[in-house]
Amino acid sequence: MPELRRDPVVGRWVIVDTERVRRPQDFREARPQRRGGPCLLCGGHEVETPPAILTVGGDAADGWRVRVVPNKFPSLRVEGDLERRGHGLYDLMNGVGAHELIVESPKHDDVLASLPLQVVEDVIGAWRERIRDLKRDPRFRAAVVVKTHGLDRGPMHEHPHSQLLATPIPPQRLNDELHHARAYHDYRERCLFCDIMHQETEEQSRLVLETDHLMAFAPFAARFPFETWILPRRHLGAFENADPIEHADLAKALRGVLRRMRTLLGDPPYSVLLHTAPFADADSPFFHWHVEVIPRLAATAGFEWESGLHTNPVPPEDAARFLRDAPE
């Protein structure tokens, strides 16, 4: 019989279809053909982007490994004042924020899963340094990092990169997590995320991989097939305040998860999302930074869009076992 599972982090219910379980080979479909480079993010095209904010591994002439540039077409603009104001019962403000691209390689056809571990550490280090810098701006209250791979959006989007957005308001998904995590902490005087990790460590059935400082697992109420979360063992609200060794372990865990997915599912499209506490809550006793890796294996059905009730055809226990057993 199908199960309804509740996600304790946001209070969302998910249908886990235990009757028509799909296997990894069911998702190894033909992917859209890459258009190929070069593009403006490729090495040798540095003059086609705004000037770099951060470069790792040398300048253009010396051969950089990671490069951070302002988005040429930003969702929010860094110039200007917020000017919070009302319009009758409505609230609005200027679209002020920072929108940056973390270019993960000068080579167009590289993918994060196959980059050397040191370069993945450089990418994560760039996330950290840019968040640390942007949080000094009093206009910004939160930051989010999003990476997509394999979605057919044109040559520049094929180039390996992630996006960082600093915003004057916490994103809604982060607000939802904060609300439920705070309520859990107020009632039990414990961190919800720490309790989730303790249970996943004890049960082992949804565990994908472990390092000295982090663990990756399929969440109990996973929305999507092979959805995987990565959490640090040490309680910490803000990603940017983690120790260098924790960031190095995140590189190892993230690369390991992506390599397993690539082997098992045939280089699937995916999203990576970094969830970190709002700047004012960096020392929060109830929030815990984490990373979500979500393969984009099937289009969301109309029922799911309209109802908000996701249906997952791969039980998280099966997904974790497949990933755990897959070679990197």
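Worth saying up front: this structure is predicted, and the values here are computed from it rather than measured.

So, how was this worked out
Residues numbered from 1 in each chain as written. Predicted model: local features only at pLDDT ≥ 70, side-chain atom pairs only at ≥ 80, totals over all residues. Heavy atoms only, no water. Buried < 20%, exposed > 50% of the residue type's maximum accessible area, 1.4 Å probe, protein only. Helix = DSSP H or I, 4+ residues; strand = E, 2+ residues; numbered from the N terminus. Contact = heavy atoms within 4.5 Å. Pairing = 2+ DSSP bridges. Axes fitted to C-alpha atoms, helices over the stretch in contact; angles between N-to-C directions. Phe/Tyr/Trp six-rings, centres within 6.5 Å; stacked < 30°, edge-to-face > 60°. Parallel < 35°, antiparallel > 145°, perpendicular 65-115°, else oblique. Left-handed = near helix turned anticlockwise from the far one by under 90°. Nonpolar A, V, L, I, M, F, W, Y, C, P; charged D, E, K, R; others polar. Salt bridge = Lys/Arg side-chain N within 4 Å of Asp/Glu carboxyl O. 1 Å grid on protein atoms, 1.4 Å probe; cavity = no way out; pocket = protein on both sides within 12 Å on 5 of 7 lines; lining within 4 Å. Points joined across faces, edges and corners; volume = space filled by probe spheres on them. Expected span 1.5 Å × (residues − 1).

## Considerations on helix 7 (residues 316-325)
Next up, step 1: By the burial criterion, the buried members of helix 7 are Pro316, Asp318, Ala319, Ala320, Phe322 and Leu323.
Next up, step 2: Packing partners of the buried residues in helix 7 comprise strand 1 (3-6), strand 2 (13-16), strand 10 (207-210), strand 12 (228-232) and helix 5 (244-265).

## Focus on the sheet that holds strand 2
Next up, step 1: One open sheet holds the 3 strands; their spatial order is 1-2-15, and the pairing between them is mixed. Since the sheet does not close on itself, it has two edges, and those belong to strand 1 and strand 15 (310-312), each with one partner. Between one strand axis and the next, the sheet turns through 35° on average, direction left out of account.

## Section: the sheet that holds strand 13 (residues 270-275)
Next up, step 1: With respect to topology, 10 strands assemble into an open sheet ordered 3-4-7-9-8-13-14-12-11-10, the strand pairing being antiparallel. Of all the strands in the sheet, the pair left with one neighbour each is strand 3 (54-56) and strand 10. Here the average twist between neighbouring strands, direction ignored, is 20°.
Next up, step 2: As defined by bridge partners, strand 8 (residues 142-149) adjoins strand 9 (residues 161-167) across 5 bridges and the pair is classed as antiparallel. The residue bridging Val146 from the neighbouring strand is Gln163, located in strand 9.
Next up, step 3: Contacting strand 8, strand 12, strand 13 and strand 14 (290-295), helix 3 (residues 172-188) runs over the sheet at an angle of about 125° to strand 14.
Next up, step 4: Packed on one face of the sheet, helix 7 meets strand 10 and strand 12 and runs near 40° to strand 10.

## Quick look at the packing of aromatic side chains
Next up, step 1: Scanning all chains against the criterion turns up 6 aromatic pairs.
Next up, step 2: Relative to Phe226, the ring of Phe27 lies with its centre 5.9 Å away and its plane at 90°, an arrangement referred to as edge-to-face. Of the two residues, Phe27 is situated in the loop between strand 2 and strand 3 and Phe226 in the loop between strand 11 (214-217) and strand 12; the sequence distance between them amounts to 199 residues.
Next up, step 3: The buried category is assigned to Phe27, whose relative accessible area is 1%.
Next up, step 4: You can call Phe226 buried: its relative accessible area is 1%.
Next up, step 5: On the numbers, 6.5 Å between centres and 45° between planes, the contact of Phe226 with Phe322 is tilted. You can see Phe226 sitting in the loop between strand 11 and strand 12 and its partner Phe322 sitting in helix 7, a full 96 residues away along the chain.

## Details of the pairing of strand 10
Next up, step 1: Across 3 bridges, strand 10 lies against strand 11 in antiparallel orientation. Directly across from Glu210, in strand 11, lies its bridge partner Met215.
Next up, step 2: Linking strand 10 back to strand 11 in an antiparallel pair, the connection comprises 3 residues.

## Focus: the packing of helix 1 (residues 117-134) against helix 5
Next up, step 1: Where helix 1 contacts helix 5, the two axes come as close as 9 Å, and the packing angle between them is 120°. The angle between the axes of helix 1 and helix 5 places the two elements in the oblique class. Both helix 1 and helix 5 take part in a crossing whose hand is right-handed. Every residue of helix 5 that contacts helix 1 at Leu117, Val120, Glu121, Ile124, Trp127 and Arg128 is listed here: His247, Ala248, Leu250, Ala251, Lys252, Leu254 and Arg255.
Next up, step 2: Taken together, the residues of the contact of helix 1 with helix 5 break down into 8 nonpolar, 1 polar and 4 charged.

## Things to note about the pattern of salt bridges
Next up, step 1: Evaluated as defined, the whole model comprises 29 salt bridges.
Next up, step 2: Residue Arg173 pairs with Glu292 through a salt bridge whose shortest N-O separation is 3.1 Å. Taken together, the residues Arg173 in helix 3 and Glu292 in strand 14 connect sequence positions 119 residues apart.
Next up, step 3: You can call Glu292 buried: its relative accessible area is 1%.

## A word on the layout of surface pockets
Next up, step 1: Reported here for the largest pocket is a volume of approximately 440 Å³.
Next up, step 2: Lining the largest pocket are 20 residues, with Val146, Ser271, Leu273, Ile294 and Arg296 positioned closest to its centre.
Next up, step 3: Those elements that provide at least two residues to the lining of the largest pocket are strand 8, helix 3, strand 13 and strand 14.

## Thoughts on helix 1
The periodicity of an α-helix, 3.6 residues per turn, causes residues three or four places apart in sequence to face the same way.
Next up, step 1: Given a rise of 1.5 Å per residue, 18 residues ought to cover 26 Å, and the 26 Å separating the end C-alpha atoms of helix 1 matches this to within 8%.
Next up, step 2: Val119, Val120, Asp122, Val123, Ile124, Gly125, Ala126, Trp127, Arg128, Arg130, Ile131 and Leu134 are the residues of helix 1 that are buried.

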